[in-house]
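Take a look at the letters that make up each chain.
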Amino acid sequence: MALDLARWQFAFTAINHFFFIPVTIGLGFLTALLHTAWYRTKRDEYLRLTRFFGTLLVINVAIGVVTGLVQEFEFGMNWGAYSRLVGNIFGAPLAMEGLAAFFLESTFLGLWLFGWDKLPRRLHLLTIWAVSLGSVLSGAFIMAANSWMQHPVGYTMVNGKPQLDDIWAVFTNPVFVWGYAKVLFVSLVTGASIMLAVSAWQLRHGGDRPVFTRSARLSLIVLVPAILFTLLVGDELGVVEGTYQPMKIAAAEAQWTTCQPCSFSLFQIGGGNDDQTPTQIIEIPHLLSLLATNHWNGKVVGLNPLQSQYSKQFGPGYYVPNVFIQYWSMRAMAYLGVVVLLISLWGLWLIRGKKLATSRVFLWVAVWGAVLPFVMNTAGWLLTESGRQPWIVQGIMLTKNGISPTVSTTWLWISVLGFAVLYGTLGTVDLLLMLRYSRNQLPPARAAADVDAPVPAVQY
Amino acid sequence: MVPFWFIVIAVLWTGFFILEGFDFGVGMLHSLAGQDDPGRRAAINTIGPLWDGNEVWLIVAVAAMFAAFPGWYATALSGSYLVVVLILASLIIRGVAFEYRGKRDAARWRRTWDAALTVGSVLAPFLIGLVLGDLLHGLPINSSQNFTGSFWDLFQPYGVFTGVALVLICLLHGATFLCLKTTGTLRERSGLLARRVAPFTGAGVVAFAIWTHVTSSTTFFLRPLELLAILAVLAAVWLVYARRDGFAFTATTITIAASIASIFVGLYPNVMVSTTNPAYNLTVHNTASPPYSLKVMSVVVIIFLPVVLAYQTWTYYVFRRRVSRDQFAQKPPPVVPAQTAPPTPPEQPAGRPGRHRAVLHPRGRSQT
């Protein structure tokens, strides 16, 4: 029970945290682009857009920061045995994250918000880029830490305990390199989708047409390559994870037996946890071989042979992750990714015909399309983290051995319910504020004579 | 290398309390110092650009414990489990309160976030103080470094008093900070609050320093840091009454730094005392990471901490000017103006439309 509660709590808080992180990274980058456009052109609409989307960014950052605080403490609270065992490796990138990234992001966000009328223009522009750099860097450190749990590298076992002996290996871990690239691209997808959705809503509801057409175009120009790279990097990440965590990929395909060449199951009924033979299956020949190994006739080892191999290697136990979660989160992620790609290409085509601002159907789709990246991101993390089970650190420690042994079930219930209530309330407030400010008018245009006048600072 | 990391962690915690200490104090006092909404906004905006960067000191302190002393991190956080949950909850409601309070112009909305800010700012230093005090006083910890007590075992008298003392120091630290950073009636009221709080803080710190000494040492004479905390707080009380704002703030800074540092000096070489058996004490040696990890982290901290200090100092320089209530008496220029024209605040009856408009419109220069 304690194990389940600890896992539920971590999953709940981490998934919630990752609603806000890609928005921070993506929207932060886009806001920095808008600010740069204003810096270079001095055109008023860029300033108005910077302030408008900057507000949305800040509403979101506030809750991203405080939910991140919980993550930082939770390893010690709920995963004491894990923290003791691997703190010397896993803790290092976390401490670096604080020193190199969080300080940068938080300090410069204050400078950016409150410094509009206090800093020279060029310096003030640098502050938003420092915020963006901070958020991008923090992703690097936490992904290095997470990737180490997926594929431990750069350590030696001393008395049954892993000890870090090569920090560079941790930061050149192939799982990290590809996983981090993917996080950056999905963050751009998420941020751009939000910007597109807000612009589309404004265009549908009589917002300033030339200005919001501009932001819609900017978001589409970022969105198209970002989603394309997300899909390409995601595919390569699948190959990398298939090499180091074959269980994860076999489970994602509900592939119980070894196959060569392997067909990709587009949709199936059955074939999940308690049932190894699907009743209905729609397949594409060779596609799984291609996706999982980059070869037309590549071999994918099935769950059953892997299970017997792991039992021999690590002792008796059940080493197959939850196949149902793996199979469907993989598909939710991939299929929605394709939907986002189609929406963005549609938008690009409308830009070409100069019909972006007037196509009401597209604008409606674009507004609701903002939900998709959040579902994709959550599915992606379920795939990654549930696919690592039953390991907390692949091959080194089982999740059930990682919990804090003396944290009682009562304490866990209190904290699980407490966080659920707190996150539920704050998430709702955040969503309502985001919607409210997305529907506000742009800040008023400035008279032509005022182009060089200082811009007032943001105040709480 | 191991003692170096203990010092780094002590420095990070001390830095956190020096900086976030006045943020906590301002959070506790903002409703009292500011009589009305503009006054409260002004009080909050004295720390507006700073508090977030200050709070990162806590994150880094905890992450550094994770990396350098994983056993300490694991035992402290899993042992104080529910207290840590409460710390997180108070930091969360407080953090969003800053950001969300001004986002709607409705009295009830703002009162709610005022309450969240006040409660969070009182609870956070109290509970963090409780956890720090418990490290030194000791908790039931078994031979495998796990906490074996109940929730109520966390409320050791010394731990509770450490929390109370920290709240009192933060109150005075925040009040002197407000004196330094505000003008007019807001400054006068902050001074009044500082004078009200000062005797309690003075008594609290003297008692805390002596209690810390008794808990951690068998010698009669106080350690230099404990003595420094007492002298600094007495100086702070005197300077507050003498209305020397700058010196008073310096004195409260030294008080809070010496108080936190004296806990760590009292601890060393232990990091958590076991009341079950002194042999089960967590020490810097039986919880530390292997040398390679510490070496890597040392390189990182030696490079980055000075850089962080440099840009945070620069931030304080950029925002060195005082904040006045009058800046907020009219509507400040919102980031995004509301769709309807904002109502004229009651303190500013019609009659100065020109000035009102100048502030509302981005053309106007903000007075911060």
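Concerning the overall build of chain A
The secondary structure content of chain A amounts to 14 helices and six strands. Against the 2.2 N^0.38 benchmark of 23 Å for 460 residues, chain A shows a C-alpha radius of gyration of 24 Å, consistent with a compact globule. Judged by the C-alpha coordinates and their principal axes, chain A covers about 80 × 50 × 40 Å. The long-range fraction of contacts in chain A, counting pairs at least 24 apart against all pairs at least 6 apart in sequence, stands at 77%.

A closer look at the overall build of chain B
Counting its secondary structure elements, chain B contains 14 helices and two strands. Across the 368 residues in chain B, those meeting the buried criterion constitute 59%. Taking contacts inside chain B between residues at least 6 apart in sequence as the whole, the part at least 24 apart equals 78%.

Describing the interface of chain B and chain A
Listed as interface residues are 72 residues of chain B and, on the opposing side, 76 residues of chain A. Among the elements of the structure, α2 (37–47), α3 (51–68), α4 (70–79), α5 (81–101) and α12 (291–318) of chain B are those that each provide at least two residues to the side of chain B that touches chain A. In terms of residues, the side of chain B that touches chain A owes the most to one element, α5(B), which gives 14 residues. Across the side of chain B that touches chain A, the residue classes tally to 47 nonpolar, 18 polar and seven charged.

Observations concerning unusual backbone geometry
Across the junction of A:Gln260 and A:Pro261, the peptide omega takes the value -5 degrees, indicating a cis bond. Note on placement: A:Pro261 falls in the loop between α8 (246–252) and β3 (264–269). Unlike most non-glycine residues, A:His286 shows phi in positive territory, near 70 degrees. Note on placement: A:His286 falls in the loop between β4 (280–284) and α9 (287–293). Classification of A:His286 by C-beta neighbours within 10 Å gives partly exposed; the count is 16. Even without glycine at this site, B:Gln145 takes up a positive phi of about 65 degrees. Tracing the backbone through its elements, the reader meets B:Gln145 in the loop between α6 (107–137) and α7 (157–181). Of the residues examined, B:Gln145 has 21 C-beta atoms within 10 Å and is grouped as buried.

Looking at the environment of A:Trp391
Residue and element names in this part refer to chain A. Mapped onto the secondary structure, Trp391 falls in strand β5 (residues 391–393). A residue is classified by how many C-beta atoms lie within 10 Å of it, and Trp391, with 23 of them, is buried. The spatial distance from the C-alpha of Trp391 to the C-alpha of Leu266 is 28 Å, given a sequence separation of 125 residues. For Trp391, the contacting residues outside a window of four places in its chain are Met397, Leu398 and Thr399.

Looking at the nonpolar core
In terms of nonpolar packing, the biggest core is built from 278 residues, with A:Ala95, B:Ala61, B:Ala64 and B:Ala236 touching the most fellow members. Broken down by element, this core gets its largest block of residues, 21 residues, from helix α3 (residues 80–114) of chain A. Excluding anything up to four places from it in sequence, B:Ala236 contacts B:Leu172, B:Ala198, B:Ala248, B:Ala251, B:Thr252 and B:Thr255.

Observations regarding helix α10 (residues 303–314) of chain A
Given a rise of 1.5 Å per residue, twelve residues ought to cover 16 Å, and the 16 Å separating the end C-alpha atoms of α10(A) matches this to within 8%. With its phi angle positive at about 95 degrees, A:Gly315 sits one or two positions after the end of α10(A).

A word on the pairing of β4(A)
Look at any regular strand and the pattern is simple: side chains alternate between the two faces of the sheet. Residue and element names in this part refer to chain A. Counting buried positions along β4 gives zero out of five residues, so the element sits mostly on the surface. For β3 and β4, the ladder comprises five bridges, and the chain directions are antiparallel. Across the sheet, the residue bridging to Ile269 is Gln280, located in β4.

Observations regarding the pairing of strand β2 (residues 161–164) of chain A
Residues and elements named next belong to chain A. Burial along β2 is one-sided: the residues Pro162 and Leu164 are buried and none of Lys161 and Gln163 is. Of the pairings in the sheet, the one linking strand β1 (residues 155–158) to β2 comprises four bridges and is antiparallel in character. Bridge pairing in β2 links Val158 to Lys161. Count of turn residues in the β1/β2 antiparallel hairpin: two residues, of which Asn159 carries a positive phi of about 55 degrees.

Section: the packing of α7(B) against helix α8 (residues 184–216) of chain B
Residue and element names in this part refer to chain B. Packing of α7 against α8 leaves a shortest axis separation of 7 Å and a crossing angle of 150 degrees. By the angle class used here, α7 and α8 are roughly antiparallel. Crossing geometry of α7 relative to α8 is assigned as left-handed. Taken together, the residues of the contact of α7 with α8 sort by class into 19 nonpolar, seven polar and one charged.

Observations concerning the packing of α3(A) against helix α4 (residues 121–150) of chain A
All names here are of chain A. Taken N-terminus to C-terminus, the directions of α3 and α4 make an angle of 165 degrees; their axes are 8 Å apart at the nearest point. Taken as axis vectors, α3 and α4 run roughly antiparallel relative to one another. For α3 against α4, the interelement crossing comes out left-handed.

Considering the confidence of the model for chain B
Taken over all residues, the pLDDT of chain B has a mean of 87, while the share at 70 or more is 89%. For this predicted complex, the interface confidence reaches an ipTM of 0.89, while the overall pTM sits at 0.89.

Some details on the environment of B:Phe22
Residue and element names in this part refer to chain B. Inspection of the secondary structure assignment puts Phe22 in helix α1 (residues 2–33). Of the residues examined, Phe22 has 31 C-beta atoms within 10 Å and is grouped as buried. Residues Phe22 and His173 lie 151 residues apart in sequence; the distance between their C-alpha atoms is 5.2 Å. Residue contacts for Phe22: discarding those within four places in its chain leaves His173, Gly174 and Phe177.

Rules used in this analysis
- Residues numbered from 1 in each chain as written.
- Chains lettered and ligands numbered in written order.
- Predicted model: local features only at pLDDT ≥ 70, side-chain atom pairs only at ≥ 80, totals over all residues.
- Helix = DSSP H or I, 4+ residues; strand = E, 2+ residues; numbered from the N terminus.
- Rg over C-alpha atoms; globule rule 2.2 N^0.38 Å.
- Contact = placed C-beta atoms within 7 Å.
- Buried ≥ 20, exposed ≤ 12 C-beta atoms within 10 Å, placed from the backbone.
- Nonpolar A, V, L, I, M, F, W, Y, C, P; charged D, E, K, R; others polar.
- Core = buried A, V, L, I, M, F, W, Y, C linked by C-beta atoms within 7 Å.
- Expected span 1.5 Å × (residues − 1).
- Pairing = 2+ DSSP bridges.
- Axes fitted to C-alpha atoms, helices over the stretch in contact; angles between N-to-C directions.
- Parallel < 35°, antiparallel > 145°, perpendicular 65-115°, else oblique.
- Left-handed = near helix turned anticlockwise from the far one by under 90°.
- pLDDT = per-residue confidence, 0-100.

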